[in-house]
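# Reading the structure
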Amino acid sequence: MRRARADLRRMREHTLSLKAQGGDHVSTEYLKASLHRRAKALEDDPSLPLFFGRIDRLTAAPSIDDHPEQHGEMFYIGRRHVMDDAGDPVVIDWRADVSRAFYQATRKDPCGLTLRRRFGFADGELTSYEDEHLQDADEADKTSQILTEEIERPRVGPMRDIVATIQPEQDDVVRLELDRSVCVQGAPGTGKTAVGLHRAAYLLHTYRNRLSRNGVLVIGPNRAFLHYIGQVLPTLGEVDVRQLTIAELVETVPIRGSDAPAAAALKGDSRMAQVIHRAVWANVGEPTETLLVPRGTRTWRVPVHEVRDAIEVLRKRGDGYATARALLPQRLAHRILLRMEASGEITDDRVQNAVARSRPMKTYVEALWPALDPVKVVMRLLSDPELLAVAADGVFSPEEQRLIRWAKTARGVKSAPWTEADAVLVDEARSIIERFSGVGHVVLDEAQDLSPMQLRAVGRRAAGSSVTVLGDIAQGTTPWATPTWSDALEHLGHRDAHLEVLRKGYRVPAAVVEFASRLLPSVAAGVEPPEPVRSNPGLLEIVSAGRDFHDELSSLVREVSGRVGSVGVIVADDMAEHVGRALHAAGIAFGQLEDDAPLTLVPATLAKGLEYDHVIVAEPARIVDAEAHGLRRLYVVLTRAVSSLTIVHAQPLPEPLR
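Residues numbered from 1 in each chain as written. Predicted model: local features only at pLDDT ≥ 70, side-chain atom pairs only at ≥ 80, totals over all residues. Heavy atoms only, no water.

As recorded in an unreviewed UniProt entry, the protein goes by AAA family ATPase and comes from Phytoactinopolyspora halotolerans.

Okay, here's the thing in structure tokens:
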């Protein structure tokens, strides 16, 4: 380990010693940025081991007197590639092809390995190792103790990588080629989020040149979730990956309001795409006057029917509104050019460009095909009942139109009551008006909660590339949650994505899975619960509180806080303030979601994707009653526990849990 750290330090020092000298200022700055990213990726974290495994494989059959290493290869597998002064590998990156055998080898199919060694570490220091002789017929199969301990190690702070514990079915997803899109359906604790992040790291390593320009984008449900997963990729050496919420992805207007669930569901309906399309293209007028362009001593004319034909051709091309608008002057100028040539004048491209840029041409096109601002298009649509009625005719009923419209006409962008659903509509309008570049690959987590319009917004960023979609149909808690993955993939524009179902549960213990799965028949009848593989069955406690609910809750929190690991107290959103005051009055220190505190108070709507060693759920009935999909929300909340789950309630438990 000391040798590997010394070599990594030398690699970083060498990178820092390099001077960027490009052919010009721009290329020099680009090289400087590249060297900075490289040095950042080579930073060492002494709390993390540089390697976690070793594989031995034979290259020739040894004689009885030979030492195995004389005819074999030995590779140490770690988070990143480390080499010595001569350029020989000291540690092999886990993403390299040769490393795959470490994850896939079994006694039935050893993948050419004679030995797989796992190393145990504590705070970056080697504490143990464990060998599997994969081609020894006399050695019985056994569960790796080091692997078990790593999976069950207490969760404290942000999410950590699973690079040392990736299982074969997870590895299959991680190593799918860049051109393949994949949708991962995974019950709580199956590691779908970790699989998505490790797939991003694998793609960035394997397809570095192809992804260097547009990169990888990770999209999560909220900032708390992104903070929780934010250190996974940097620990794997990938420091230049954008991580955004869906709201940040479409951030174009100041959000000052919120929609009622029924209105938000309609604005998120895929039918809104047709309405927005109509609202944009309705701005193209019908030509009624001949185009007149004076040039020299003559005035050239393009009759109305030819202008109409040019517009029709441009509309059918499928270009964006702005692109087609920019082409119209050239189309009309070309028709004038033909007339000029027929009259005997000498013309060329410069003449056509001059005609296209002339003042009469610009005035004519502007009146016929005006420039548009996507923000103003959506603002007019939502504030003008007549415009909405025309654009939504045959798409939304009058009652649905009433729900979509703003209550009062907005007089300006600054005073418009924009909501998050409206921002997605602005993004849709922008995509119709102008084209914008996407990214090389998108990782979309908790995808089951996105509306069709939100999925379309994500799909535009992945147009021409691939996606990794992660989620669980049973955890869909929004009014517009997707009913099936085929529907979601259709809206994303990746209907041919491979569907992978992860069934083995590595995080949630059996006692918690059994209890939470009582909700599945009510929330997602076709979804199977995860299959717990952990040796520790976990602890489930159900406590019926009396009149002094907050006192009893505080007492339980104090008791559970004495256990090893992180603690999450999850409550209905409208209880968070009261419970916080009660904990404070009891002298119990707790943190907020982004504090990385040992004890965290978590509103139920922000619990998705998080995990804690010990979870205390206060008053499940309040969580269920707070929203239409309350039972699904409760299912999410119950499955945040890694070691123990404590339920404290004064009201009766929801019917499926009694």
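### Here we look at the overall build of the protein
When helices and strands are tallied, the protein shows 28 helices and 21 strands. Out of the 658 residues belonging to the protein, those deemed buried represent 52%. The long-range fraction of contacts in the protein, counting pairs at least 24 apart against all pairs at least 6 apart in sequence, stands at 73%. Only carbon and sulfur atoms are counted for the fraction: they give 50% of the accessible area of the protein, which is about 30,900 Å². (Helix = DSSP H or I, 4+ residues; strand = E, 2+ residues; numbered from the N terminus. Buried < 20%, exposed > 50% of the residue type's maximum accessible area, 1.4 Å probe, protein only. Contact = heavy atoms within 4.5 Å. Areas by Shrake-Rupley, 256 points an atom, 1.4 Å probe, with all protein chains shown as cover.)

### Thoughts on the domain arrangement of the protein
Partitioning the protein into domains gives domain 1 (1–152), domain 2 (168–252 + 436–505), domain 3 (291–368) and domain 4 (510–657). Taken over C-alpha atoms, the centre of domain 3 sits 67 Å from the centre of domain 4. (Domains from an automatic or database assignment.)

### Examining the layout of surface pockets
A probe as big as a water molecule, rolled over the atoms, marks out the empty space that is left. What the second largest pocket holds in volume is close to 1,000 Å³. Together, 37 residues line the second largest pocket, and Glu420, Gln454, Thr478, Pro479 and Trp480 are the ones closest to its centre. Counting residues per element, the ones that place at least two in the lining of the second largest pocket are α10 (246–249), α11 (261–267), α20 (420–433) and α21 (452–461). Of the residues in the lining of the second largest pocket, the class split is 15 nonpolar, 12 polar and 10 charged. Counting only domains with at least three residues in the lining of the second largest pocket, you end up with domain 2 (168–252 + 436–505) and domain 4 (510–657). (1 Å grid on protein atoms, 1.4 Å probe; cavity = no way out; pocket = protein on both sides within 12 Å on 5 of 7 lines; lining within 4 Å. Points joined across faces, edges and corners; volume = space filled by probe spheres on them. Nonpolar A, V, L, I, M, F, W, Y, C, P; charged D, E, K, R; others polar.)

### Focus on the pairing of strand β19 (residues 599–603)
For β19, a buried count of 5 out of 5 residues is recorded, marking the element as mostly surrounded by other parts of the structure. Side chains Leu599, Leu601 and Pro603 of β19 all project onto a buried face; the interleaved residues Thr600 and Val602 project onto the opposite face, where all are buried too. Bridge analysis of strand β18 (residues 567–571) against β19 gives 5 bridges, and the strand direction is parallel. Its bridge partner lying in β19, Ile570 is registered against Val602. (Pairing = 2+ DSSP bridges.)

### Remarks on the sheet that holds strand β7 (residues 182–186)
Strands in a sheet are paired, the pairing made by backbone hydrogen bonds, and the direction either parallel or antiparallel. Sheet architecture is open: 6 strands sit in the order β9-β8-β12-β13-β7-β14, paired in parallel fashion. Among the strands making up the open sheet, the edge pair consists of β9 (242–245) and β14 (498–502). For this sheet the average axis-to-axis angle between neighbouring strands, irrespective of direction, equals 15 degrees. Relative to β14, β7 runs parallel, the two being bridged by 5 bridges. Looking at the pairing, Gln185 lines up with Val501 of β14. Relative to the sheet, helix α6 (residues 192–206) contacts β7, β8 (216–220), β12 (441–444), β13 (466–471) and β14, its axis offset from that of β13 by approximately 165 degrees. The strands that helix α22 (residues 485–492) touches are β7, β12, β13 and β14; relative to β13, the one it contacts most, it runs at about 145 degrees. (Axes fitted to C-alpha atoms, helices over the stretch in contact; angles between N-to-C directions.)

### With respect to the side chain of Thr28
Within the secondary structure layout, Thr28 lies in helix α2 (residues 25–41). When near neighbours in sequence (up to four residues on either side) are disregarded, Thr28 contacts Ala20, Gln21 and Gly22.

### Quick notes on the environment of Pro530
On the secondary structure map, Pro530 appears in the loop between α24 (520–523) and β16 (531–532). A relative accessible area of 8% means that Pro530 is categorised as buried. Put simply, Pro530 and Glu500 are 30 residues apart on the chain and 14 Å apart in space, counted from C-alpha to C-alpha. Among all residues touching Pro530, those that are not within four sequence positions of it are Ala187, Pro188, Thr190, Arg503, Gly505, Val513 and Tyr635.

### Considering α22
Among all positions of α22, only Trp485, Ala488, Leu489 and Leu492 are buried. Buried residues of α22 fall within an arc of 95 degrees about the axis and therefore sit on the same side. Where α22 is buried, its residues touch β7, β12, α21, β13 and β14. Phi turns positive, to about 85 degrees, at Gly493, one or two residues after α22. (Arc of directions from axis to C-beta.)

### Observations regarding the pairing of strand β6 (residues 125–133)
Summarising the sheet, strand β5 (residues 113–122) and β6 pair through 8 bridges and their orientation is antiparallel. Paired with Arg116 across the two strands is Glu132, which belongs to β6. Taking the residues between adjacent antiparallel strands as the criterion, β5 and β6 are bridged by 2 residues, where Asp123 takes a positive phi near 55 degrees.

### Side note on helix α1 (residues 2–17)
In this model α1 runs 23 Å from its N-terminal to its C-terminal C-alpha over 16 residues, within 8% of the 22 Å that 1.5 Å per residue would give. For α1, the full list of buried residues reads Ala4, Arg5, Asp7, Leu8, Met11 and Thr15. Taken down its axis, α1 places every buried residue within 165 degrees of arc, on the same side. Facing away from the buried side of α1, by more than 90 degrees, are the exposed residues Arg2, Arg3 and Leu16. (Expected span 1.5 Å × (residues − 1).)

### Comments concerning the packing of aromatic side chains
Describing an aromatic ring pair means giving the distance of the ring centres and the angle of the ring planes. Applying the stated rule across the entire model yields 11 aromatic pairs. Where Trp281 meets Tyr321, the ring centres are 5.4 Å apart and the plane angle is 65 degrees; that geometry is what we call edge-to-face. Here the residue Trp281 occupies a position in helix α12 (residues 271–281), and Tyr321 occupies one in helix α14 (residues 321–342), the gap between them amounting to 40 residues. Classification of Tyr321 as buried rests on a relative accessible area of 0%. (Phe/Tyr/Trp six-rings, centres within 6.5 Å; stacked < 30°, edge-to-face > 60°.)

### Remarks on the pattern of salt bridges
A full pass over the atoms with the stated rule returns 50 salt bridges. For Arg116, the salt bridge identified is with Glu132, shortest N-O distance 2.9 Å. Linking Arg116 in strand β5 with Glu132 in strand β6, this pair joins segments that are 16 residues apart in sequence. On the accessibility criterion, Glu132 (14% relative accessible area) is buried. Here Lys316 and Glu312 are joined by a salt bridge, their closest N and O atoms 3.7 Å apart. On the criterion of helical spacing, the pair formed by Lys316 and Glu312 is a turn pair, its members being 4 residues apart in helix α13 (residues 304–316). A cluster of three or more residues bridged by salt bridges with shared partners is formed by Arg3, Asp7, Arg10, Asp84 and Asp85. (Salt bridge = Lys/Arg side-chain N within 4 Å of Asp/Glu carboxyl O.)

### Observations regarding the environment of Asp393
You can see Asp393 is positioned in the loop between α18 (385–391) and α19 (398–404). What makes Asp393 exposed here is its relative accessible area of 55%. Counting along the chain gives 118 residues from Asp393 to Val275, while the straight-line C-alpha distance between them is 8.5 Å.

### Some words on the nonpolar core
Ranked by internal contacts, the top residues of the largest apolar core, which has 180 residues, are Trp94, Leu332, Trp369 and Leu638. Contacts of Trp369, omitting those with residues within four sequence positions, involve Trp281, Val284, Ile311, Leu314, Arg315, Tyr321, Ala324, Arg325 and Leu328. Listed in part, the 10 residues of the second largest apolar core include Leu8, Met11, Phe51 and Val90. (Core = buried A, V, L, I, M, F, W, Y, C linked by side-chain atoms within 4.5 Å.)

### Digging into the sheet that holds strand β1 (residues 51–58)
The strand order β3-β4-β2-β1-β5-β6 describes an open sheet built from 6 strands, whose pairing is mixed. Looking at strand neighbours, the two that pair on one side only are β3 (82–83) and β6, the edges of this open sheet. Where β1 and β5 come together, 5 bridges link them in antiparallel fashion. From the neighbouring strand, Asp56 faces β5, where its bridge partner is Leu115.

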